[in-house]
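Close look at the chain arrangement
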Amino acid sequence: MAVPKKDFLWQYVEHWAGVDPAFPALRTDRESLSYGEFERRSDLLAASFLALGLGKGDTIATMLPMSIEFILTLIAADKIGAIVTALDVKYKSADLKRFIFHIEPKLIVSLGGPGSESVPSAVKSACGELDLPRQPRLVVAGAGGPESFNGLLSGVKAGDAELAAVKKSQHPDDGLLVVFTGGTTGVPKAALLSKRNVAAMAAAEMEYLGRFIPERTKSIASLPPSHVGGTVELVGAPLTGGLEIIVHDTWSPQRVLAATQAEIIAWMGGVPAMFAITLLMPELDSYDLSCLKVVVMSGEKVEPEFLQMVREKICPTILIGYGSTEAGSELTFTDIDDDIHRIGDGYVGKPLPGVELRIVDDGERELPMGETGEVLARSPFTIKGYYKMPEEDRAGFTADGFCRTGDLGYLTPEGGLYIKGRKKHIIRVGSYTVMPSEVEEVIA
């Protein structure tokens, strides 16, 4: 699949709208947008953001599920240089207050409509209890009136010339997305992804997947936008390839399988736990999944027996990816003919183009091939640092821009990577070092 090279995610929307404005872009059970309409509405929303006083570096928080409203907000913010933070709609008051206080949003776009009245109330309550420099403006999706999301799409706009000038003022290293990630430490950190990080990662993944799926095909986005997998991989990647995205506000195995069968979906992505849940469905065999060309998994170690079940029950072609929010949502991919027993032993494939990997000891001295140490990564997908967290920047990155992943692994002579555990998860037994993965293998 030929993926054009663009600096910004919004430029892919613009590009595919120019190629074929009538081609379907986003679809839910209740609404559908062509690429031409997607481009038009995101321009309208961007102009409304400018009219509200938003500009480069300002933060917009969303309390939305995966939805057309979220995707429009992301692209419109990208056009004006604003930074989006997707907060999960299930966050409790303490989380909301912590994250809102940290990012100080100028605008919050909240879920609204039937059955979600508590979300705007929770947002207002959280903001009211915080000592913020300014109270953020609240816009509700699914409601009416000038302060609603639909109101922004039909209100007074900035001029075309102003929006065009703002678009030209963007730089690939400007921030686009803040993702709160705790990794395995449990302490939320605000990873700041630049426009380059998002666009380059999305395009690289789409290019790799393009070896297995048809051009301009359909895709499903059903993960929460508060995770890099939901926003960069299941939204960003399909947009770079001009795919039609079927948007699900929640993930349900039944709903995904039904859509896959009905819409002739060519690929499916998620974490292994999602596929494990799918395999447990008594009615799994009743779905015709012959349309699937490939499934993509990342996020957890997988056993060969599990992979074999996925091959037999869901799709015979499996790709395993390895990455993180900070280093790049996918740094490596396995190939379709890689041995599942190697994958079960921790093999996660070879680096994507532009990805540099180092294996280092505790003193950050580079280790020889085959020796296990911490994995360091640098690429166009790797963030420069965290949002307003300089201490974490020093701890998380080397002076020359490599991300300290905290993962332990080694490189093979042909350039493949094995992941063997987490640096902070080593168990000391007397004078011996034991990896949790070794204990898991014995139990399995």
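So, here is what we can say about the structure in this document. (Residues numbered from 1 in each chain as written. Predicted model: local features only at pLDDT ≥ 70, side-chain atom pairs only at ≥ 80, totals over all residues. Heavy atoms only, no water.)

**Topic: the pattern of salt bridges**
Taken as a whole and assessed by the stated rule, the structure comprises 32 salt bridges. Note that Glu207 and Lys5 form a salt bridge whose closest N and O atoms lie 3.4 Å from each other. Here the residue Glu207 occupies a position in helix 8 (residues 195-209), and Lys5 occupies one in the segment before helix 1 (9-19), the gap between them amounting to 202 residues. With a relative accessible area of 33%, Glu207 lands in the partly exposed category. Residues Asp174 and Lys56 are paired through a salt bridge, measuring 3.3 Å at the closest nitrogen-oxygen approach. Residue Asp174 is located in the loop between helix 7 (160-168) and strand 7 (175-181), and its partner Lys56 is located in the loop between helix 2 (35-51) and strand 3 (59-63); the two are separated by 118 residues in the primary sequence. Each of Arg30, Glu31, Glu37, Arg40, Arg41 and Glu69 takes part in one network of salt bridges that share partners. (Salt bridge = Lys/Arg side-chain N within 4 Å of Asp/Glu carboxyl O. Helix = DSSP H or I, 4+ residues; strand = E, 2+ residues; numbered from the N terminus. Buried < 20%, exposed > 50% of the residue type's maximum accessible area, 1.4 Å probe, protein only.)

**Re unusual backbone geometry**
Its identity is not glycine, yet Arg216 carries a phi of approximately 50 degrees, on the positive side. Here Arg216 shows up in the loop between helix 8 and strand 9 (218-221). Of note, Glu364 is a non-glycine position whose phi angle comes to about 60 degrees, a positive value. Tracing the backbone through its elements, the reader meets Glu364 in the loop between strand 16 (356-360) and strand 17 (373-378).

**Some words on the pairing of strand 5 (residues 107-110)**
Residue alternation in strand 5 divides its side chains into two sets, Leu107 and Val109 and Ile108 and Ser110, and both sets are buried. Bridge analysis of strand 3 against strand 5 gives 4 bridges, and the strand direction is parallel. Paired with Ala61 across the bridge in strand 5 is Ile108. In this sheet, strand 6 (residues 137-140) lies alongside strand 5 in parallel orientation, the contact comprising 4 bridges. Along strand 6, the bridge assignment pairs Ser110 with Val140. (Pairing = 2+ DSSP bridges.)

**Quick word on the sheet that holds strand 6**
Sheet architecture is open: 7 strands sit in the order 6-5-3-4-7-8-18, paired in mixed fashion. Of all strands in the sheet, those bounded by a partner on one side alone are strand 6 and strand 18 (385-386). Both strand 7 and strand 8 (residues 189-194) contribute to a ladder of 6 bridges, which runs antiparallel. Residue pairing in the sheet places Gly175 in a bridge with Ser194 of strand 8.

**Brief notes about the side chain of Lys189**
Inspection of the secondary structure assignment puts Lys189 in strand 8. Within the buried set, Lys189 has no salt-bridge partner at all; the shortest N-O distance to an opposite charge, 4.3 Å, is to Glu392. Leaving out residues up to four positions away in the same chain, Lys189 has contacts with Val179, Phe180, Thr181, Glu326, Tyr386, Met389 and Glu392. (Lys, Arg positive; Asp, Glu negative; His and termini not counted. Contact = heavy atoms within 4.5 Å.)

**Brief notes about helix 9 (residues 228-240)**
An ideal rise of 1.5 Å per residue puts 18 Å on 13 residues; helix 9 reaches only 16 Å between its terminal C-alpha atoms. When you tally the buried positions in helix 9, you get 13 out of 13 residues, the bulk of the element. Once helix 9 finishes, Gly242 follows within two positions and takes phi at roughly 70 degrees, a positive value. (Expected span 1.5 Å × (residues − 1).)

**Remarks on the packing of aromatic side chains**
The tally for this structure, following the rule as stated, stands at 10 aromatic pairs. Ring centres 6.0 Å apart and planes at 5 degrees place the aromatic pair Phe8 and Trp10 in the stacked group. Taking relative accessible area as the criterion, Phe8 reaches 5% and is therefore assigned buried. Here the aromatic rings of Tyr410 and Tyr418 are separated by 4.9 Å at their centres, their planes lie at 5 degrees, and the arrangement is stacked. Taken together, Phe23, Tyr35 and Phe38 form an aromatic cluster joined through their ring pairs. The ring centre of Phe99 lies 5.7 Å from the NZ or CZ of Arg98, which sits over that ring. Positioned above the aromatic ring of Tyr347 is the side chain of Arg342, whose terminal nitrogen or guanidinium carbon lies 4.0 Å from the ring centre. (Phe/Tyr/Trp six-rings, centres within 6.5 Å; stacked < 30°, edge-to-face > 60°. Lys NZ or Arg CZ within 6 Å of the ring centre and 35° of its normal.)

**Digging into the nonpolar core**
One finds Phe38 and Ile213 to be the most contacted residues of the largest nonpolar core, which totals 118 residues. Apart from residues no more than four positions distant in its own chain, Phe38 is found in contact with Val13, Ala25, Leu26, Leu33, Ile71, Leu72, Ile75 and Leu239. With 26 residues, the next largest nonpolar core counts Met268, Phe275, Leu307 and Val310 among its residues. (Core = buried A, V, L, I, M, F, W, Y, C linked by side-chain atoms within 4.5 Å.)

**Quick look at the sheet that holds strand 9**
Strand order in the open sheet made by the 4 strands is 2-1-10-9, with mixed pairing throughout. The sheet is open, and its two edges are formed by strand 2 (32-34) and strand 9, each paired on a single side. Here the strands of the sheet are splayed against their neighbours by 20 degrees on average, with no regard to which way each runs. In this structure, strand 9 lies alongside strand 10 (residues 244-247), joined through 4 bridges in parallel fashion. By the bridge assignment for strand 10, Lys218 is matched with Glu244. Packed onto the sheet, helix 2 meets strand 1 (24-27) and strand 2 and runs at close to 95 degrees relative to strand 2. (Axes fitted to C-alpha atoms, helices over the stretch in contact; angles between N-to-C directions.)

Spatial relationships are all this shows, so hold off on functional conclusions.
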